[in-house]
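Residues per chain, in single letters:
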Amino acid sequence: MAAGLPALLLLLLAGLTAVNAVTAQAGCLHAAREAALAAARGGDGSAAAGRAAPPGASVTVSVDGNRVQATVRAPVRTLGGRLPRFTVVATAVAAVEPGAAEGSW
């Protein structure tokens, strides 16, 4: 019983870290979609992503011809605190809308 308790605690911390990582990944994906759609419409994609991104996230928006690609990266801290952080990344692509102002992104 005494040997099983530390293993159970370690498993609990790993599970909670996984939930934290999945939540951050979903937030990054939402922010990347918002950024890609805003930039495709001629708006400021970085500002749109900044409102939806998890704390500490970095946003990159690039335009390549008729496509807008937005990438959001966010660090995820492990719940143990002693392990290094890892990064989750999400990318979204949208087609540039006809009539969107050239170069406004």
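Anything mentioned here points back to the structure above.
Residues numbered from 1 in each chain as written. Predicted model: local features only at pLDDT ≥ 70, side-chain atom pairs only at ≥ 80, totals over all residues. Heavy atoms only, no water.

Peer 1: Is there a simple way to think about the pairing of strand β1 (residues 58-64) in this case?
Peer 2: In summary, the side chains of a regular strand alternate between the two faces of the sheet. Across 7 bridges, the pairing between β1 and strand β2 (residues 67-76) is antiparallel. Across the sheet, aspartate 64 pairs through a bridge with arginine 67, a residue of β2. Between the end of β1 and the start of β2, which pair antiparallel, lie 2 residues, with glycine 65 showing a positive phi angle near 70 degrees. (Pairing = 2+ DSSP bridges. Helix = DSSP H or I, 4+ residues; strand = E, 2+ residues; numbered from the N terminus.)

Peer 1: Can you help me understand the nonpolar core in this one?
Peer 2: In summary, soluble globular proteins display a tendency toward joint burial of nonpolar side chains. In terms of nonpolar packing, the biggest core is built from 19 residues, with Cys28, Ala36, Val72, Val76 and Val88 touching the most fellow members. When residues in this core are grouped by element, the largest group, 9 residues, is from helix α1 (residues 4-40). When sequence neighbours within four positions are dropped, the list of residues in contact with cysteine 28 reads Pro54, Val72, Arg73, Ala74, Val88 and Ala90. (Core = buried A, V, L, I, M, F, W, Y, C linked by side-chain atoms within 4.5 Å. Buried < 20%, exposed > 50% of the residue type's maximum accessible area, 1.4 Å probe, protein only. Contact = heavy atoms within 4.5 Å.)

Peer 1: Is there a simple way to explain the environment of proline 54 in this structure?
Peer 2: Mapped onto the elements of the fold, proline 54 is located in the loop between α2 (45-52) and β1. Residue proline 54 is classed as buried on the basis of its relative accessible area of 18%. In this structure, the C-alpha to C-alpha distance between proline 54 and glycine 4, residues 50 residues apart in sequence, is 35 Å. Residue contacts for proline 54: discarding those within four places in its chain leaves Ala24, Gly27, Cys28 and Ala74.

Peer 1: I keep staring at a nonpolar patch on the surface and nothing clicks. Help me out?
Peer 2: Together, Leu9, Leu12, Leu16 and Leu79 make up an exposed nonpolar region whose accessible area comes to about 370 Å². Position of leucine 9 relative to the elements: it lies in helix α1. (Patch = residues over 30% accessible without salt bridge, like charges linked within 9 Å, V, L, I, M, F, W, Y side chains within 5 Å. Areas by Shrake-Rupley, 256 points an atom, 1.4 Å probe, with all protein chains shown as cover. Salt bridge = Lys/Arg side-chain N within 4 Å of Asp/Glu carboxyl O.)

Peer 1: Teacher, can you tell me more about the environment of alanine 21 here?
Peer 2: Its place among the elements puts alanine 21 in helix α1. With relative accessibility at 13%, the residue alanine 21 sits in the buried group. Once the C-alpha coordinates of alanine 21 and threonine 87 are considered, the two residues, 66 residues apart in sequence, prove to be 8.7 Å apart. Contact partners of alanine 21, with chain neighbours within four places excluded, come to Val76, Phe86 and Val88.

Peer 1: What exactly am I supposed to notice about the packing of α1 against α2 here?
Peer 2: How two helices pack is summed up by the angle between their axes together with the distance between the axes. It is the contact of α1 with α2, at a shortest axis distance of 7 Å, that shows an interaxial angle of 155 degrees. Here α2 runs roughly antiparallel to α1, going by the angle between their axes. Between α1 and α2 lies a crossing of right-handed hand. For the pair α1 and α2, the contacting residues are Gly27, His30, Ala31, Glu34, Ala35, Ala38 and Ala39 in the first and Gly45, Ala48, Ala49 and Ala52 in the second. Taken together, the residues that form the contact of α1 with α2 break down as 7 nonpolar, 3 polar and 1 charged. (Axes fitted to C-alpha atoms, helices over the stretch in contact; angles between N-to-C directions. Parallel < 35°, antiparallel > 145°, perpendicular 65-115°, else oblique. Left-handed = near helix turned anticlockwise from the far one by under 90°. Nonpolar A, V, L, I, M, F, W, Y, C, P; charged D, E, K, R; others polar.)

Everything listed here is a matter of coordinates, which is why it stays silent on function.
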